[in-house]
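# Working through the structure, step by step
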Amino acid sequence: MKSVNILQGFLPLIVYGLLAGSSVASVMVALGAALIITVIIGFSDLRKGMILTWANLALFCSLLIAVGVLGMTGLLPVMGMLIYAALAAVTFGSILVKIPFTLQYARDMVDRTLWEKPAFIRVNVLMTGVWGGIFVINFILDYLAFAYPHSAGGITPPLTYLVLLAGIIFTIWYPGHIKRKYFFPSGQSGR
């Protein structure tokens, strides 16, 4: 599975994290940039009904309205927690409704005959679950930074990026690992 397509779905989150500061202006810029990137990079995914891209659109649009239009600046200290909680809910929700969000990307990249295979579905449930776990871990890290700003505040932002990086590495590595393990088990080349 080409992992680039699915990783594009995380770009708005990364851009938000890099641009958002503690001021209303910086959060507005970050939310606006995340929303624009969601629409521009994810346009074809929006047309295809990809869960992650639609979740990003709804999330960043609603937060932009809440802070920018409704003046709900009290959300700023908990913005990271809100984002990660929403993404975790969407991710685990996609598993519960039996449409793990990674399955949508994987179906674009594999032969149609694999779509209903139990192993193919299990791989995507696992990958989606890993991302749900990543969002939960980052929610907890953001909570620790909020609850203990003097002791955890400086270390948690870099940790959230390390956790995201681990997820990206897993997303790139795991499909190839599965392909080598189950489709070419005796060292045969897939070429």
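Residues numbered from 1 in each chain as written. Predicted model: local features only at pLDDT ≥ 70, side-chain atom pairs only at ≥ 80, totals over all residues. Heavy atoms only, no water.

## So, the side chain of T38
To keep things clear, this is the line we draw: We count a stretch as a helix when DSSP gives it H or I for four or more residues in a row; a strand needs E for two or more, and each element gets its number in order from the N terminus. Two N or O atoms form a polar contact when they lie within 3.5 Å of each other; inside protein one atom must be a possible hydrogen donor and the other a possible acceptor, and for residues adjacent in sequence the pair counts only when both atoms belong to side chains. Residue contacts are counted whenever heavy atoms from the two residues lie within 4.5 Å of one another.
You can see T38 is positioned in helix α3 (residues 24–41). From its side chain, T38 meets the backbone oxygen of A34 in a polar contact 2.7 Å long. If we skip the residues at most four places from it in the chain, T38 touches P12, F43, L46, T53, N56, L57 and F60.

## Considerations on the nonpolar core
Filter applied, for reference: Buried Ala, Val, Leu, Ile, Met, Phe, Trp, Tyr and Cys residues that are joined via side-chain atoms within 4.5 Å together make up what is termed a nonpolar core. Burial classification: accessible surface area is computed with a 1.4 Å probe over protein chains only, and a residue below 20% of its type maximum counts as buried, one above 50% as exposed, and the rest as partly exposed.
The biggest cluster of nonpolar side chains holds 34 residues, and the ones touching the most others in it are Y16, M79, I83, W131 and F135. Contributions of two or more residues to this core are made by α2 (11–19), α3, α5 (51–69), α6 (79–96), α7 (101–107), α8 (118–147) and α9 (156–183). For this core, the element with the most residues is α5, which contributes 7 residues. Not counting the four nearest positions on each side in its chain, Y16 is found in contact with V27, A30, L31, A34, F60, M79 and I83. Grouped together as the second largest cluster of nonpolar side chains are 5 residues, V123, F170, Y174 and I178 included.

## Quick notes on α3
Our working rule: A helix is expected to span 1.5 Å multiplied by its residue count minus one.
For α3, with 18 residues, the first-to-last C-alpha span of 25 Å sits near the 26 Å given by 1.5 Å per residue. Within the span of α3, buried status applies to S26, V27, A30, L31, G32, A34, L35, I37 and T38.

## Observations regarding a nonpolar patch on the surface
Here is the rule: Patch building starts from residues that exceed 30% relative accessible area and form no salt bridge, then joins like charges within 9 Å and nonpolar side chains (Val, Leu, Ile, Met, Phe, Trp, Tyr) within 5 Å. Computed with a 1.4 Å probe, the accessible areas rest on the Shrake-Rupley method; for each residue, only the protein chains presented here act as cover. Salt-bridge detection follows one rule: a side-chain nitrogen of Lys or Arg within 4 Å of a carboxyl oxygen of Asp or Glu.
A cluster of nonpolar residues, F92, V136, F139, I140, Y143, F146 and Y148, forms a patch on the protein surface that exposes about 630 Å² of accessible area. Element by element, the count of residues in the nonpolar patch is highest for α8, at 5 residues. Mapped onto the elements of the fold, Y148 is located in the loop between α8 and α9.

## Looking at the packing of aromatic side chains
Applicable threshold: Here the aromatic set is Phe, Tyr and Trp, taking the six-membered ring for Trp, and pairing holds for ring centres within 6.5 Å; pairs whose planes are under 30 degrees apart are stacked, those over 60 apart are edge-to-face, and all others are tilted.
As enumerated under the stated definition, the model contains 9 aromatic pairs in all. Judged by centre distance (3.9 Å) and plane angle (20 degrees), the ring pair of F10 and W131 falls under stacked. One end of the pair, F10, is in the loop between α1 (4–8) and α2; the other, W131, is in helix α8, with 121 residues separating them in the sequence. For W131, a relative accessible area of 1% puts it in the buried group. Aromatic side chains W173 and Y174 sit 5.9 Å apart centroid to centroid with 50 degrees between the ring planes, which places their arrangement in the tilted category. Exposure remark for Y174: the relative accessible area of 13% places this residue in the buried category. Members of the aromatic cluster, connected to one another through ring pairs, are F10, Y84, F101, W131 and F135.

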